[in-house]
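Per-entry structural report
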Amino acid sequence: MKYIKVNNIKLNTTVEPEKAIKKAIELTGAVDVQYQIIAKRSIDARKKPNIQYVYSIILGASKFNKKNKNAVILKSLPLYQYNISEHHSNKYRPVIVGFGPAGMFLSLLLAENGFNPIIIERGQQVEQREKQVNDFWNTNMLNTESNVQFGEGGAGTFSDGKLNTGIKDKNNRIPYILRRFVEFGANETITYDAKPHVGTDVLKQVVMNMREYIKSQGGEFMFDTKFESFEYNDDSVTLVTNNGNIETDFCCLAIGNSSRDTFTMLQKQGFNLETKPFAVGVRAEHKQKQINLSQYGFEDNRIGAAPYKLTYNTSNQRGVYSFCMCPGGYVVNASSENEKLCVNGMSYSKRDGENHLTVNGMSYSKRDGENANSAIVVTVNDNDYGHYSKSSDIIDPLSGMYFQRDLEQSAYEEGQGLIPVQTLGSFKANKIDDSLGSIKPNCKGNYNLANLRNVLPDYICEAIIEAMDYFGNVIDGFDDDDVVLSAIESRTSSPVRIVRDDNMMTNKQYVYAAGEGAGFAGGIVSSAVDGMKMFEKYIDIFN
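Keep in mind that what you see is a predicted model, and the values were worked out from it rather than measured. Within each chain, residue numbers correspond to sequence positions counted from 1 in written order. Side-chain atom pairs in this predicted model are given and counted only at pLDDT of 80 or more, local residue features only at pLDDT of at least 70, and totals for whole chains, interfaces and linings cover all residues. Side-chain numbers here rest on the full set of heavy atoms in the structure, without hydrogens or water.

Some remarks on the packing of helix α4 (residues 173-183) against helix α12 (residues 524-542)
Here an angle of 0 to 180 degrees is reported between the N-to-C directions of two axes, which are lines fitted to C-alpha atoms, with helices fitted over the stretch in contact. Each helix is a run of DSSP H or I of at least 4 residues and each strand a run of E of at least 2, with the numbering of both proceeding from the N terminus. Their axes nearest at 10 Å, the elements α4 and α12 cross at an angle of 105 degrees. Relative to α12, α4 is oriented roughly perpendicular. Here Arg-173, Ile-174, Tyr-176, Ile-177 and Phe-181 of α4 come into contact with α12, specifically with Ile-524, Val-525, Ala-528, Val-529, Met-532, Lys-533 and Glu-536. Our angle categories are set so that under 35 degrees counts as roughly parallel, over 145 as roughly antiparallel, 65 to 115 as roughly perpendicular, and the remainder as oblique. Contacts are assigned to residue pairs with any non-hydrogen atoms lying within 4.5 Å of each other.

Here it is as structure tokens:
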């Protein structure tokens, strides 16, 4: 069989995706087609409001009778592969700390290949975690061990399940990840949409299904189990937890970027850590109709709520960009420490049914809420937070974490324990609003009118104001005075990197690190990819 990829097939957005496959067959004259998939679908919005989908199709056939300028011959299908011996005789079972995306895919592959992993997770499984998160949003009573940041599925479980990433993928790990998500309950469109998302509601079910499958393959879960320290032995390491000790010769730290107590413990135990740049800022809410009109040329959601991606370099060479954009969504209180407050974004739907799950009477995957929201964040590095170090000569690896904490404490105090919000006009004028304008906050968790200039350093405020003015030239109305800002968006990525070698092992024997909290990923897909790389290293080392 011969394989070919046909690019740049343009169809009206009302046409069913299967028509793109038929078009590819016509354009190439494919005979005896035995394989056909949609490889990618993106949106061409250059001629508003005449919006088109642009498809890439992969075909496998005995021969192709027509030449096409947009067709590329493939040597083979883009499939993820790994080699593993049949024999495995480890004395100890592998242990994974954390069941976010890195831990999920590492555990999945280990379990499927007969390695019987033990997964420990400080938070609760998603059914209980959902209730705890909703209780927090309703009562402001925080569970510091199981919340938006901690628990089964990781922080991404409550942030819309966006699966777009910019990392390179010559080993075809990303298509594998997307296919596995579909296998466990996600919509098939994520395998080809240019900006795929699962939806918070569906992602919860996907996580549950994956957990049960891993258990059926020999994996063991220990929820509500907090990893507290290591004890070293001659041929192994012992994890000390609040629920007993676990001995192993392979422990992967697949922790989240909010695992501040773990970072502190690792530093005390002599692990090599280092700072890394990250970004902080605010969430900005606009009317979704306004974003649709600017991006697509019409206000309704006929092809779904419009996303955007914005970047800008200020006059002082500060990078400012939109992050974790949530069409039709909520701003959520994403705090994980007492008297510290941070926000995140999560998309949702007003309509129930329609082949997607509902949660407490509200479903999320359709993205048809009234507001769009996105983080507008400014890059920071150790030049900005190095003063948190005790020595002027040596930067404390945790100085970025201390910086985050101080900003989150300021946000908590400014909002009097609730999400602090302010219009863009008042943010520029450095004053508290008497009332909000045409845009009302869509929040999970209560909010208070506040002055965000008291939360963020001046250089970040100035960078955001300059960038918003620029973004207003890109998207109509983006810099309107009524735009609602909330603070603080501080968990964009880990402020700490756990140093590891080429085998992904830390400076401590038997201890490895992967994923976002380890400082090697930033998002669901890149974290899952890092977890897969960890599996590949595991089978190289132990087989």
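Observations concerning the packing of aromatic side chains
Two rings belonging to Phe, Tyr or Trp (six-membered ring only in the last case) form a pair when the distance between their centres is within 6.5 Å. Interplanar angles under 30 degrees mark stacking, angles over 60 mark edge-to-face geometry, and anything in between is tilted. Applying the stated criterion across every chain, the model contains 27 aromatic pairs. An aromatic cluster is defined as three or more aromatic residues linked by ring pairs; in this entry it consists of Phe-115, Phe-250, Tyr-512, Tyr-538 and Phe-542. Any Lys NZ or Arg CZ found within 6 Å of a ring centre and within 35 degrees of that ring's normal is scored as a charge over the ring. Between Arg-122 and the ring centre of Phe-150, over which it is positioned, the NZ or CZ distance is 4.1 Å. The ring of Phe-298 carries the charged tip of Arg-302 above its face, separated from the ring centre by 3.8 Å.

Here's the deal with helix α6 (residues 260-268)
For every residue, the accessible area (1.4 Å probe, protein chains only) is compared with the maximum for its type, and the residue is labelled buried under 20%, exposed over 50%, or partly exposed between those bounds. Those residues of α6 that fall on the buried side of the exposure criterion are Arg-260, Thr-262, Phe-263, Met-265 and Leu-266. The elements touched by buried residues of α6 are β8 (227-232), β11 (251-253), β12 (273-275), α9 (399-414) and β23 (496-498). Taken from the residues just after α6, Gly-270 is the one with a positive phi, measuring 85 degrees.

A closer look at unusual backbone geometry
What you tend to see is this: most non-glycine residues have negative phi, and most peptide bonds are trans. In this structure, the amide linkage connecting Lys-48 to the following residue, Pro-49, adopts the cis form with an omega of 0 degrees. In this chain, Ala-487 is followed by Ile-488 through a cis amide linkage whose omega measures 5 degrees. Mapped onto the secondary structure, Ile-488 falls in strand β22 (residues 484-489). Although it is not a glycine, Asp-224 sits at a positive phi angle of roughly 55 degrees. Within the fold, Asp-224 resides in the loop between β7 (220-223) and β8.

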